[in-house]
Each structure stands twice: as C-alpha cells, then as structure tokens.
Amino acid sequence: MSAGFWYSDDLLHWDFHADPDLLIYDYAPDVRQVGDYLYFSASRKGRNCPILRTADPLTEPFTEVSAPFAFWDPDMFCDDDGRVYFYWGCSNTSPIWGVELDPETMTPIGEKKELIFGREEELGYERPGNNGIVDKESSVLYKSMKPFYNEATGKLELPPQMAQIPGRTPRRCRHVQRRRQALSRARL
C-alpha cells in the first residue's frame, strides 16, 4: 500500500494525501462509508485485523474501533436498514465468510457463517486455468503486455504514450507545468 490515499472532488483530478500511520504493511484493504465515518480495514495472516475509522480522513487520523478476528480480503457492507455486515475470504480451499457487526462498536453480533464454497467438481469453471493448469502464455493480459516486458531486468518498459495516463499526474504538478509554460511564453 502507499502510506496514504488518493482523493478527488471530480473523479478527473486526483491528489495524494500522505498518511504514514495507515496500515501500509497489511494487504487487500477495504474502505467504506458507514454513517458519518469512513472505515478502513486490511488483511493480516494469523492475527486479529483492526478496523479503523475517521470522520474526516483529510484532517483527522484513523483510529482503531475494533480488532475482532483475523480475516483475509475484507468487505464491509451497510444495508439500507443500517445493519452492517462484514465478509471476507479469498481462497480455493476455504469459503467466503460473513458476520453481522454492531454498527457502533464494529464487533460481531453472533457467530461467523460459511457462505460461499468452491464447487470445482460440480462447476468446472471454478478451477484455475484450463483443467486446473494455469498457462500464463495463453493469458490475454500476458499476451498484451509481453512486448513491453524486459526479460533481462524483469520489468515492464512502457512506451511514453502508455505512461501518460490521464488523471495520474497530481493536480498541483499540472498547475506548475502550466505556470512554467505561461512564463516561458511571456518571456518570448
């Protein structure tokens, strides 16, 4: 993770807000607004994972609300009736789990339940790859990116037109570039 987050008022121009106290070494974060708070949770293996919240992520720090149990690949959901549910799981050997959370304390109400199981014997498409064999050479993504992959360095080397993706340049950098261009024109 990036020790912070990107935010935008118009979904076209983005700014980065550094937050080094965010759990940068945890994995697969989930961010949700529930009521007046923005909640953040991320995966940890083998120990309880904290659920953090803030009323304003730009001016207030995230604080821990609870650390109810260990989970992997979380997803918080607030239903129309105000009830909060928490789902997690990302494995081909264990199910996706779910539990209702108390919306004030973000602690479980009741026991976790096994919700969705893999059924590869019944549904062949749930197996990874072709009959259980993953072949990266036949992957559409791999085929499209292969021309840019440098096997000697192990890195992608994108052409300049692919590196200039709209919205990736922070807004203030574009303003600086525009000011410099205007100044250089004024000097001519």
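A closer look at the overall build of the chain
Then, number 1: Each helix and strand in the chain was counted, giving 3 helices and 12 strands.
Then, number 2: Across the 188 residues of the chain, 24% fall into the buried class.
Then, number 3: Put simply, 28% of the contacts in the chain that link residues at least 6 apart link residues at least 24 apart.

Some remarks on the sheet that holds strand S7 (residues 75–78)
Then, number 1: Spatial ordering of the open sheet is given by S7-S8-S9-S10, a layout of 4 strands whose pairing is antiparallel. Every other strand in the sheet has two partners, leaving S7 and strand S10 (108–116) as the edge strands with one partner each. Mean inter-strand twist for the sheet, computed between neighbouring axes without regard to direction, equals 20°.
Then, number 2: With 4 bridges joining them, S7 and strand S8 (residues 84–88) adopt antiparallel strand pairing. Bridge pairing in S8 places Phe 77 opposite Tyr 85.

Quick notes on unusual backbone geometry
Across residues other than glycine, the phi torsion is negative in most instances, and most of the peptide bonds are trans.
Then, number 1: Despite not being glycine, Leu 11 has its phi angle at roughly 65°, a positive value.
Then, number 2: Within the fold, Leu 11 resides in the loop between strand S1 (4–7) and strand S2 (15–18).
Then, number 3: When its relative accessible area of 66% is taken as the criterion, Leu 11 is described as exposed.
Then, number 4: Its identity as a non-glycine residue notwithstanding, Ala 28 has a phi of 50°, on the positive side.

Quick notes on the packing of aromatic side chains
Then, number 1: Tallied over the entire structure, the rule returns 10 aromatic pairs.
Then, number 2: Considering the side-chain rings of Tyr 27 and Trp 72, the 4.9 Å spacing of their centres and the 15° angle between planes classify their relative orientation as stacked. Linking Tyr 27 in strand S3 (residues 27–34) with Trp 72 in the loop between strand S6 (63–66) and S7, this pair joins segments that are 45 residues apart in sequence.
Then, number 3: Overall, Tyr 27 belongs to the partly exposed group, its relative accessible area being 49%.
Then, number 4: Relative accessible area serves as the criterion here: at 22%, Trp 72 is assigned to the partly exposed category.

Let's talk about the nonpolar core
Then, number 1: Core analysis: the largest hydrophobic core is formed by 14 residues, its most contacted members being Ile 51, Met 76, Phe 86, Trp 88, Leu 101 and Met 106.
Then, number 2: When contributions to this core are tallied by element, the ones reaching two or more residues are S8 and strand S9 (96–101).
Then, number 3: Here Met 76 is in contact with Asp 30, Arg 32, Val 34, Tyr 39, Ile 51, Val 84, Tyr 85, Phe 86, Leu 101 and Met 106, once residues within four sequence places are set aside.

What counts and what doesn't
- All residue numbers refer to position in the chain's written sequence, counted from 1.
- Note on the predicted model: pLDDT of at least 70 is required for a residue's local features to be given, and 80 or more for side-chain atom pairs to be given and counted; whole-chain, interface and lining totals, by contrast, use all residues.
- Excluding hydrogens and water, the side-chain figures rest on all heavy atoms present in the structure.
- Helix and strand definitions here come from DSSP, where helices need a minimum of 4 consecutive H or I residues and strands a minimum of 2 consecutive E residues; each element is numbered from the N-terminal end.
- For the exposure calls, accessible area comes from a 1.4 Å probe over protein chains only, and a residue counts as buried if that area is under 20% of its type's maximum, exposed if over 50%, partly exposed in between.
- Here, residues are in contact when the closest pair of their heavy atoms is within 4.5 Å.
- Pairing between two strands is assigned when DSSP locates at least 2 bridges connecting them.
- For helices, the fitted axis covers only the stretch in contact; all axes are lines through C-alpha atoms, and the angles between them, taken along N-to-C directions, range from 0 to 180 degrees.
- For Phe, Tyr and Trp, rings pair up if their centres lie within 6.5 Å, where Trp contributes its six-membered ring, and each pair is then called stacked (planes under 30 degrees apart), edge-to-face (over 60) or tilted (otherwise).
- Among the buried residues, those of types Ala, Val, Leu, Ile, Met, Phe, Trp, Tyr and Cys that are joined through side-chain atoms within 4.5 Å form a nonpolar core.

Interpretation note: all reported values are geometric properties and have no functional meaning in isolation.
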